Amino acid sequence: MLSVTFLGTSAARPTVERNVSAMALVREGETLLFECGEGTQRQMMRYGVSFALSEIFFTHFHADHFLGVIGLIRTLGLQVRTEPMRLYGPKGAKKLLTQALQLGVERVPFEVEIVEVKPGQVIRDAGSEKRDAGSGMRDAYEIHVFGTEHGGGSVGYALREHERPGRFDPDKARAAGVPEGHLWGKLQRGETVELADGRKVSAEGIVGPKRPGRLVVFTGDTRPCAAVVDAAQGADLLIHEATFGEEEKERAKETGHSTAREAAQVALAAKARRLVLSHVSARYSISAEELVKEAREVFKETVVAKDGMTIEVPFAD
Ligand SMILES: [Zn+2]
Ligand SMILES: [Zn+2]
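Treat the numbers as computed from the prediction; the structure is a model and nothing was measured.

Analysis parameters
Residues numbered from 1 in each chain as written. Chains lettered and ligands numbered in written order. Predicted model: local features only at pLDDT ≥ 70, side-chain atom pairs only at ≥ 80, totals over all residues. Heavy atoms only, no water. Pairing = 2+ DSSP bridges. Helix = DSSP H or I, 4+ residues; strand = E, 2+ residues; numbered from the N terminus. Phe/Tyr/Trp six-rings, centres within 6.5 Å; stacked < 30°, edge-to-face > 60°. Buried < 20%, exposed > 50% of the residue type's maximum accessible area, 1.4 Å probe, protein only. Lys NZ or Arg CZ within 6 Å of the ring centre and 35° of its normal. 1 Å grid on protein atoms, 1.4 Å probe; cavity = no way out; pocket = protein on both sides within 12 Å on 5 of 7 lines; lining within 4 Å. Points joined across faces, edges and corners; volume = space filled by probe spheres on them. Nonpolar A, V, L, I, M, F, W, Y, C, P; charged D, E, K, R; others polar. Donors = N, O, S within 2.8 Å, 3.2 Å for Na, K, Ca; no water.

S.K.: So, the sheet that holds strand 14 (residues 275–278): which residues are in play, and what are the values?
M.R.: With mixed pairing, the 7 strands of this open sheet are ordered in space as 7-8-9-12-13-14-15. Each edge of the sheet is formed by a strand with only one pairing partner; in this case those strands are strand 7 (122–123) and strand 15 (302–304). Both strand 14 and strand 15 contribute to a ladder of 3 bridges, which runs parallel. From the neighbouring strand, Leu 277 faces strand 15, where its bridge partner is Val 304.

The structure is reproduced here in structure tokens:
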């Protein structure tokens, strides 16, 4: 199972209906948090997102994207958490997040590691040495960091699952004389098996070609740019900021943001399967119809995020 839940979808400041940026991604029972705007912990409670998370990914350090980490870490401390926490962000993360964690007089009773990331970096290990043995974290996917254009050093993140084994065809296995049992398991893993009569049967032809895993891309704040198009090639889900509509396209350019239409052009160029618009200016209503309309003229499979919205990401096949 892979899904995302939007915890905050407003640009710059909260409104009555939208909180500032945060999004939870849940994959096979593991929860990852992307951004942590002010009030995120309360949104997590409200929308049933687990506090048992070990990693938060920040795209940049405008206040609407990270102030919530101060309170969230305090609450985790009160819950007598002992597991370490990892915070990822671009250059400046160490200084800013250290300041955020030192604010207040309470001590954080668990280890917090701050990791500065760069475009092009692939986050694989998830600090496996510090995790419970057998937790299996990040053995089935990677997180790719890509550069974005938001006035200096911002990044986005792409969660890319590893390829899955091809489909196993039981009829073909039987036809090849392989008896049902442990030999089938070996074939499924791509191994060649030896039969009782000494014949060797390879997986080729019995197991289909490898199948792609899923790709979920989260841009954070950005102008539309080639790096996002590259990172989102064939994405199952592209979550792109769309702060403004067409009538504010000059302002989008000046402030390092995108219009809904520009986000749609990125999704189209990347041949993404679905687009979710988020980080919506307070000037638009909760339905943000004009943004959806402008985007759909370019890319049909578009919706606008709302706080509490959960989107499942199925396999393409
Ligand atoms: Zn923002
Ligand atoms: Zn920003």
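S.K.: Can you lay out the packing of aromatic side chains for me, pointing to particular residues and giving the numbers?
M.R.: If you walk through the whole model with that rule in mind, you get 8 aromatic pairs. Ring geometry for Phe 61 versus Phe 66: centroids 5.4 Å apart, planes at 85°, classification edge-to-face. Of the two residues examined, Phe 61 and Phe 66, each falls in the buried class. Taking the centre distance of 5.2 Å and the plane angle of 55° together, the rings of Phe 168 and Trp 184 count as tilted. Of this pair, Phe 168 sits in the loop between strand 9 (155–161) and helix 5 (170–175) while Trp 184 sits in helix 6 (residues 182–188), and the two are 16 residues apart along the sequence. There is no split in this pair, since Phe 168 and Trp 184 are both buried. Just above the ring of Phe 315 sits the side chain of Arg 164; from NZ or CZ to the centre is 3.7 Å.

S.K.: Kindly report on the layout of surface pockets, identifying the contributing residues and their values.
M.R.: The computed volume of the second largest pocket comes to approximately 210 Å³. Contributing to the lining of the second largest pocket are 18 residues, with Ala 11, Ala 12, Thr 243, Phe 244 and His 257 lying nearest its centre. Residue assignment for the lining of the second largest pocket shows that the elements contributing at least two residues are helix 2 (63–66) and helix 8 (249–255). Considering only residue class, the lining of the second largest pocket consists of 4 nonpolar, 9 polar and 5 charged.

S.K.: Which residues make up the coordination of the zinc ion (ligand 1), and what values go with them?
M.R.: At 2.1 to 2.4 Å from the zinc ion (ligand 1) lie its protein donor atoms, namely Asp 64 (OD), His 65 (NE2), Asp 221 (OD) and His 279 (NE2). Each donor residue of the zinc ion (ligand 1) belongs to the same chain, with the gaps between them written as D-H-x155-D-x57-H.

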